[in-house]
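Below, each chain spelled out in residue letters.
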Amino acid sequence: MQPISGVIVLLGVLGAVKLLSLPWLCGLLVGLGMCIAWRGSWKFIHVALCTIKRDMMCLVVILRVRFSMYRNLRNRSTIPTLFAQIVTRHPDKPALIYEATGEVWSFRVLQEQCHAVAHWVLAQGWAEGDVVALYMESRPLVVALWLGLAMVGVEAALINHNLRQHSLLHCVSVSGARAMVFGTELTEAVSEVSSSLQPNMALFSSGEQQEELLTCGFYVCLLADRLFYIYTSGTTGMPKAAVVVHSRYFRIAAFGFYSFGLRHDDIIYNCLPLYHSAGTIMCVGQCLLFGLTVVIRRKFSASHFWDDCVKHNCTVIQYIGEICRYLLAQPVRPSEANHRVRVAVGNGLRPSVWEEFVQRFRILRVGEFYGATECNCSLINIDGKVGACGFNSRILPDFYPIRLVRVQENGKLLRDSQGLCIPCLPGEPGMLVGSINHTDPLRRFDGYADQDSTNQKLAYNVFGMGDSAYVSGVEGKAGMAAIAHAGGPFDLAAFLIAVKKALPSYARPVFLRLMPSVDTTGTFKIQKMRLKREGYKPQDMSETIYFLNSRAGCYEPVTDELYDAIMEGEVCL
């Protein structure tokens, strides 16, 4: 057995006995010393000395989460049963606060609402394994609905409330939902597709009076059972329904709690949608599993953000994407200096705004992380390094087996002479992959509702012959749409109206490229690599490139002057 493997075995045994005791730490340091001595080189020793503190912090978090999950598996605990334990500890503590109305749900009230939903579900005749689509804007009822469904083994499909028409139909269809519960604010959107839904699909509005509730027994589920579906953003294709099992929900929420110094008395401000894993797992999960209070805002508002935080005494905020930049663009207001926010947790905080955000708003700690809902290769920036979304340990790379591996220009993984993937060197870009082990709750990959989508995320012979791994992909913002248009006028205004009607704002193409024809392969697949390389700089006189000016609400031609302005940052994308 190689020394590195011996260290891992040592960690598992000692950690199981006593996680944070002094003997455990001493044994760990001895094991690491053996590993460093075995590796030998001074360069490795230098790297180890520079990163050992960070790696040990993360290792402790991983072990705490791992042992908590094993305890839950042993006790057959699920998200509903773990929530019930929190309710028992402090039933009258505020669990959810709805910012729009000021309504406060205590843990006892939230549990009562969940029970009411569970009884109503059983009265409909739905059973274990059935799926119900939830399609409504963020409010406490969303939590009560999916958690109440889970109490009787019925799975929720959390539908993005920005979706319309074909995208909405796709998401409902791929989940196999028997029914849909929608908010009255989305009645028009449901009416547009109602004739295309399955004839036997039941539709319920959250504004309708519930039927008389029945007293029924609850279904006893397992930690590996499906909890609900969360959809990918759909920026590069139709949204995929990612499977979230009970153990995955716990894992994501627990990593957030233990990694970033959250406390049981924290109050979290959540302006993120509850159909998204950031809002309903990373944030609401702190409430359900660790007893924190969550303030739910229906939609993000940059102008009301800090006023809300002061009003509700929030101590933790959550962000994604450009929220921090939007806040920095706001004029200075008194509330941004009077808040009690200590920690900001999220992903997508750009290095260019990180330090300004921390300094202006006096944020003591930023908890940046990376991870898709369905992935098994999440990353955490545990030591607050500006601009980083996480790291891969150089000391114990096999303890949490993820890698950046090299890719070819066509996006396929680059292989060595033995057929294995080639790890990237430090500072080299690549594809993030995670080794799959279905017996390990931290390394399992549960896939999507349809098997084809699941298969597209799998790669084999990655770390070693015969293994399998999750491949993170290149999904992201929809930058450009290329359209084959041979002659004649192209109605840009009509195109934009159709795009706005069919796609949420984040999935609308920022650039539009009109071409006489689109390059295809011999099997008639579109060749996108040349288009990616050329980007949005005007080159061919037979083609026209347009830019979506969001302020003017129209597409306008990309001239040399506009291109230069975009490149210099004078025009924001």
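Reading guide: rules and limits
- Residues numbered from 1 in each chain as written.
- Predicted model: local features only at pLDDT ≥ 70, side-chain atom pairs only at ≥ 80, totals over all residues.
- Heavy atoms only, no water.
- UniProt positions renumbered as here; feature names shortened; annotations may be inferred.
- Helix = DSSP H or I, 4+ residues; strand = E, 2+ residues; numbered from the N terminus.
- Contact = heavy atoms within 4.5 Å.
- Pairing = 2+ DSSP bridges.
- Axes fitted to C-alpha atoms, helices over the stretch in contact; angles between N-to-C directions.
- Parallel < 35°, antiparallel > 145°, perpendicular 65-115°, else oblique.
- Nonpolar A, V, L, I, M, F, W, Y, C, P; charged D, E, K, R; others polar.
- 1 Å grid on protein atoms, 1.4 Å probe; cavity = no way out; pocket = protein on both sides within 12 Å on 5 of 7 lines; lining within 4 Å.
- Points joined across faces, edges and corners; volume = space filled by probe spheres on them.

- Per an unreviewed UniProt entry, the protein is named Long-chain-fatty-acid--CoA ligase, and its organism is Scophthalmus maximus.
- A UniProt comment under Sequence similarities (unreviewed entry) is attached to the protein, and it reads "Belongs to the ATP-dependent AMP-binding enzyme family."

What to know about the UniProt feature "transmembrane region" (unreviewed entry) in the protein
Part 1: Summarizing the sequence annotation, UniProt attributes the feature "transmembrane region" (unreviewed entry) to residues 7-32, 44-67 and 141-159 in the numbering used throughout.
Part 2: The span residues 44-67 is 100% helix and 0% strand, and its two end C-alpha atoms sit 30 Å from each other.
Part 3: Secondary structure content for residues 141-159 is 58% helix and 21% strand, while the C-alpha to C-alpha distance between its ends is 14 Å.

Structural notes on the environment of Arg513
Part 1: With respect to the helices and strands, the residue Arg513 is situated in strand β20 (residues 511-515).
Part 2: Not counting residues up to four positions away in its chain, the partners in contact with Arg513 are Met480, Ala481, Ala482, Ile483, Arg530, Leu531, Glu534, Gly535, Glu543, Thr544 and Ile545.

Observations regarding the sheet that holds strand β17 (residues 458-460)
Part 1: With antiparallel pairing, four strands are arranged side by side in an open sheet as β15-β16-β18-β17. The open sheet has two edge strands, β15 (402-405) and β17, and neither has a second partner. Direction aside, neighbouring strands of the sheet carry axes that sit 35° apart on average.

Looking at the sheet that holds strand β12 (residues 343-347)
Strand pairing in a sheet relies on backbone hydrogen bonds, with the paired strands running either antiparallel or parallel.
Part 1: Taking strand neighbours across the sheet as the criterion, the eight strands line up as β2-β1-β10-β9-β11-β12-β13-β14 in an open arrangement whose pairing is mixed. Here the strands that pair on one side only, and so sit at the sheet edges, are β2 (103-106) and β14 (379-380).
Part 2: Note that strand β1 (residues 94-98) and strand β10 (residues 293-296) share three bridges and pair parallel. Each residue of the ladder has a partner; that of Leu96, found in β10, is Val294.

Looking at the packing of helix α9 (residues 246-259) against helix α10 (residues 277-290)
Part 1: Their axes nearest at 8 Å, the elements α9 and α10 cross at an angle of 85°. Considered as vectors, α9 and α10 are oriented roughly perpendicular to each other. Contacts between α9 and α10 involve Tyr249, Phe250, Ile252, Ala253, Ala254, Gly256, Phe257 and Tyr258 from the former and Thr280, Ile281, Met282, Val284, Gly285, Gln286, Leu288, Leu289 and Phe290 from the latter.
Part 2: A breakdown of the residues in the contact of α9 with α10 according to their chemical character gives 13 nonpolar, four polar and no charged.

Some remarks on empty space enclosed by the protein
Once rolled over the atoms, a probe with the size of a water molecule shows which space is left empty.
Part 1: Applying the stated criterion across every chain, the model contains two cavities of 30 Å³ or more.
Part 2: There is about 60 Å³ of room inside the largest cavity.
Part 3: Within the lining of the largest cavity, the residues separate by chemical class into eight nonpolar, two polar and one charged.
Part 4: Taken as a whole, the second largest cavity spans an internal volume of roughly 50 Å³.
Part 5: Forming the boundary of the second largest cavity are Leu262, Ile268, Met282, Cys283, Gln286, Val316, Ile317, Gln318 and Val345.
Part 6: Residue assignment for the lining of the second largest cavity shows that the elements contributing at least two residues are α10 and β11 (316-320).
Part 7: Of the residues belonging to the lining of the second largest cavity, the class tally is seven nonpolar, two polar and no charged.

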